[in-house]
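# Reading the structure
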Amino acid sequence: MKKILVSILLFVFGVCLVGCVDTPNGPGSEDPYPNGKYKLTVIDDFGYLVEPLDNYYKAGEEVEVHLAFLSGPSVGININGDYIGEDAETKHVDGHPVISFIMPNKDSTLYTTMNGLILRDCGEDNHQWDEGREIEAGNGGYVMKYICELCGKTKEEIITIIMPEFKIFYSLQEAFNNQFLTHEDLEEIANCKNNVNYEDLPKIDIMIEDKIKEDFCSMNDINYGLDTEIPGTIRFFGKYDKGLGYIFYIVMIDNIFDYQDVIGQEVVDGITFNYDTTQRILVWREHE
């Protein structure tokens, strides 16, 4: 009977001892992994890792990350939201940059980065937005543009909205500023103006032509239709429909004014338009 009682007591005592040391750091330890290590999740979307990393590291352990050498973009890592990139002190092994970090005392996530950015979206609740910068949005309006310092995603917030100035004739610069013409539109117009013979220009509807000349004369206080000595002609370089309910016609109006023969240029958004007089291209807005 005594032997049985002693055996039971020894068994209970042994179970208590096991319960006290069932984690590497003793009772109440936050570390659930063997040998006091924490899990490291590695996300290498760019494929920059030259050598694989272990799944677990001890807190306080220095971890070296061997990354691919790139001649253009800067490689680096993001560990739990903290960026570590290449600098003058970065060690190189066999030509590859080696970036190190100290393993935190918690499970951690490591991303490889390009120019400080990770490839995948952080998720709406995890972005770390920068302070933002004010940029022109066209039409005289402005927006604040923000970039997530982790993944590089951008967002914009409208600051001011100024509606386009609606009139009948615009210069090319005014039409571009109001987003009636894009950079690509300007390239098409410049190619037509600079490289196409007058005889090969597109044809314009006669009723539209008369309306443009009438508006031009009205703008310049000329009694068009009453003064038979000013018939006028139109050079037509194309039309653009921006879904605003009207069409923009790109024209030059000849034989109404005498323009001085002066070779010149007009540059809009880096696109050059060549002229041999003081006359310039006009953008006419179709209207009732």
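Residues numbered from 1 in each chain as written. Predicted model: local features only at pLDDT ≥ 70, side-chain atom pairs only at ≥ 80, totals over all residues. Heavy atoms only, no water.

### Quick word on the overall build of the chain
For clarity, the threshold we go by: Helix and strand assignments follow DSSP, with helices taken as H or I runs no shorter than four residues and strands as E runs no shorter than two, numbered in order from the N terminus. The contact criterion used throughout is that any non-hydrogen atoms of two residues lie within 4.5 Å.
What the chain contains, in helices and strands, is 4 helices and 17 strands. Long-range pairs, those at least 24 residues apart, make up 54% of the contacts in the chain between residues at least 6 apart in sequence.

### Considering the nonpolar core
So the rule is basically this: As used here, the term nonpolar core means buried Ala, Val, Leu, Ile, Met, Phe, Trp, Tyr and Cys residues forming a set that is joined through side-chain atoms within 4.5 Å. Burial here depends on accessible area, computed with a 1.4 Å probe over protein chains only, as a share of the maximum for the residue type. Under 20% is buried, over 50% is exposed, and the range in between is partly exposed.
Core analysis: the biggest nonpolar cluster contains 22 residues, and Leu172, Leu181, Ile189, Phe273 and Ile281 have the highest contact counts within it. Elements represented by at least two residues in this core include exactly helix 2 (172–177), helix 3 (183–195), strand 13 (233–241), strand 14 (247–254) and strand 16 (271–275). Per element, the largest residue contribution to this core is 4 residues, and it comes from helix 3.

### Here we look at a negative patch on the surface
This is how the line gets drawn: Exposure above 30% relative accessible area and the absence of a salt bridge qualify a residue for a patch, where like charges join within 9 Å and nonpolar side chains (Val, Leu, Ile, Met, Phe, Trp, Tyr) within 5 Å. Each accessible area is a Shrake-Rupley result for a 1.4 Å probe, and residues are judged covered by the shown protein chains and nothing else. Basic side-chain nitrogens of Lys or Arg form a salt bridge, by our definition, when they fall within 4 Å of a carboxyl oxygen of Asp or Glu. Charged-residue counts in this description rest on Lys and Arg as positive and Asp and Glu as negative, His and the chain ends being excluded. Charge positions are represented by NZ for Lys, CZ for Arg, CG for Asp and CD for Glu.
Negative charge collects at one region of the surface, where Glu184, Glu187, Glu188 and Asp269 lie side by side. Looking at the element boundaries, Glu187 is found in helix 3.

### A short note on helix 4 (residues 206–219)
To keep things clear, this is the line we draw: A helix is expected to span 1.5 Å multiplied by its residue count minus one. Between N or O atoms, a polar contact is any pair within 3.5 Å; within protein, one atom must be a potential hydrogen donor and the other a potential acceptor, and residues adjacent in sequence are included only when both atoms are from side chains.
Along its 14 residues, helix 4 runs 20 Å from first to last C-alpha, staying within 8% of the 20 Å computed at 1.5 Å per residue. Along helix 4, the residues classified as buried are Ile208, Glu209, Ile212, Lys213, Asp215, Phe216 and Cys217. Residues of helix 4 that are buried sit in contact with strand 12 (169–170), strand 13, strand 14 and strand 17 (282–285). Structurally, the start of helix 4 carries an N-cap: the backbone nitrogen of Met207 is 2.8 Å from a side-chain oxygen of Asp205. Looking one or two places after helix 4, you find Asp221, whose phi comes out positive at around 60 degrees.

### Some points on the pattern of salt bridges
Taken as a whole and assessed by the stated rule, the structure comprises 11 salt bridges. Note that Asp121 and Lys153 form a salt bridge whose closest N and O atoms lie 3.5 Å from each other. You can see Asp121 sitting in the loop between strand 8 (108–114) and strand 9 (133–138) and its partner Lys153 sitting in the loop between strand 10 (141–147) and strand 11 (154–160), a full 32 residues away along the chain. Of the charged contacts in the structure, one is a salt bridge between Glu209 and Lys213, with a shortest N-O distance of 3.9 Å. Of this pair, Glu209 and Lys213 both sit in helix 4, 4 residues apart, which is roughly one turn of that helix. On the basis of relative accessibility, which here comes to 14%, the residue Glu209 falls in the buried class. Note on Lys213: relative accessible area 7%, which makes it buried.

### Some thoughts on the sheet that holds strand 3 (residues 62–66)
Backbone-to-backbone hydrogen bonds join strands into a sheet, with any given pair of strands oriented parallel or antiparallel. Formally: Between any two strands, at least two bridges found by DSSP are needed for them to pair. Every angle, taken between N-to-C directions, lies between 0 and 180 degrees, and every axis is a line fitted to C-alpha atoms, over only the stretch in contact when it is a helix.
Strand order in the open sheet formed by 3 strands is 3-7-6, with antiparallel pairing between adjacent strands. The open sheet is flanked by strand 3 and strand 6 (91–93), the only strands paired with a single partner. For this sheet the average axis-to-axis angle between neighbouring strands, irrespective of direction, equals 40 degrees. Across 3 bridges, strand 6 lies against strand 7 (residues 96–102) in antiparallel orientation. The residue of strand 7 that forms the bridge with Val93 is His96.

### Topic: the sheet that holds strand 4 (residues 75–79)
Sheet architecture is open: 5 strands sit in the order 2-1-8-4-5, paired in mixed fashion. Every interior strand has two partners, whereas the edge strands, strand 2 (56–58) and strand 5 (82–85), have only one. When the angles between neighbouring strand axes are averaged without regard to direction, this sheet yields 30 degrees. Bridging between strand 4 and strand 8 involves 5 bridges; their strand directions are antiparallel. By the bridge assignment for strand 8, Gly76 is matched with Thr113.

### Some details on the confidence of the model for the chain
For residues with low pLDDT, the predicted coordinates do not support detailed interpretation. Our working definition: Per residue, pLDDT measures the predictor's confidence, with a range of 0 to 100.
Averaged over the chain, the pLDDT score is 82; the fraction of residues at 70 or greater is 82%. Within the chain, strand 3 carries the highest mean pLDDT (96), whereas helix 1 (residues 2–20) carries the lowest (49). In this model, residues 15–31 is a region of pLDDT below 50 whose contacts with residues beyond four sequence positions or in other chains number 15 contacts.

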